[in-house]
Amino acid sequence: MQRATPAISRRAGNGPKSLADCGSFATLARKADALEALDRALRQTLPSPLREQVRFANLRNDRLVFLASSPGWASRLRLMQTQILAAAHAIGTCASSVTVKVVPPPPAAMTPDRSKPLSPAAAAHLRAAAASFTDPEWRVLFLELASFAETADSPLPGTD
């Protein structure tokens, strides 16, 4: 009879960690503060247009990991690898390479269209439906909805 061996994860060391392996909240906050300080220090050495398009993400082993908003900005940052590593060494960070990942910015939040006014025909249907209800609450609600109908003398949206 053969014994079953425990399943071994193929992604040992990669992927999400359990909460117990992450340490305390204070430890995570200190690490986040340290990464934020390193981000500020390293990006301040970059030229202005590039500085706004990249962000320092992590120090993993001896690699500085940056995120760039497009492949073009990632290429420009890779060309500055020597300067970035020199700046890292000057502030006491041990790093031997720079990795740049392209992460496009999230799409701009779209503002929803203003609600469209109710047409007179729709209002007439709502009034007809209200008249057919025996429940007074429903009747009042449908008549209230019908009151939002666009009238011929109401201003166009946005021309108040």
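Rules used throughout
Residues numbered from 1 in each chain as written. Predicted model: local features only at pLDDT ≥ 70, side-chain atom pairs only at ≥ 80, totals over all residues. Heavy atoms only, no water. Helix = DSSP H or I, 4+ residues; strand = E, 2+ residues; numbered from the N terminus. Expected span 1.5 Å × (residues − 1). Buried < 20%, exposed > 50% of the residue type's maximum accessible area, 1.4 Å probe, protein only. Arc of directions from axis to C-beta. Contact = heavy atoms within 4.5 Å.

A. Representation of the environment of Ser-75 in the model. Mapped onto the elements, Ser-75 comes out in helix α4 (residues 71-79). When the C-alpha atoms of Ser-75 and Val-102 are compared, they prove to be 9.8 Å apart, with 27 residues separating the residues in sequence.

B. Summary view of helix α2 (residues 25-43). Spanning 19 residues, α2 covers 27 Å between terminal C-alpha atoms, matching the ideal 27 Å at 1.5 Å per step. Here α2 has its buried residues at Leu-38, Asp-39, Leu-42 and Arg-43. Buried residues along α2 cover an arc of 115 degrees about the axis, so they all sit on one side. Exposed and oriented more than 90 degrees from the buried face of α2 are Arg-30 and Asp-33.

C. Highlighting the environment of Ala-68. Note that Ala-68 resides in strand β2 (residues 63-68). By relative accessible area, which is 1% here, Ala-68 ends up buried. Residues Ala-68 and Glu-52, spaced 16 residues apart in sequence, show a C-alpha to C-alpha distance of 9.4 Å. Setting aside its immediate chain neighbours within four residues, Ala-68 contacts Gln-53, Val-54, Trp-73, Ala-74, Val-100, Lys-101, Val-102 and Val-103.

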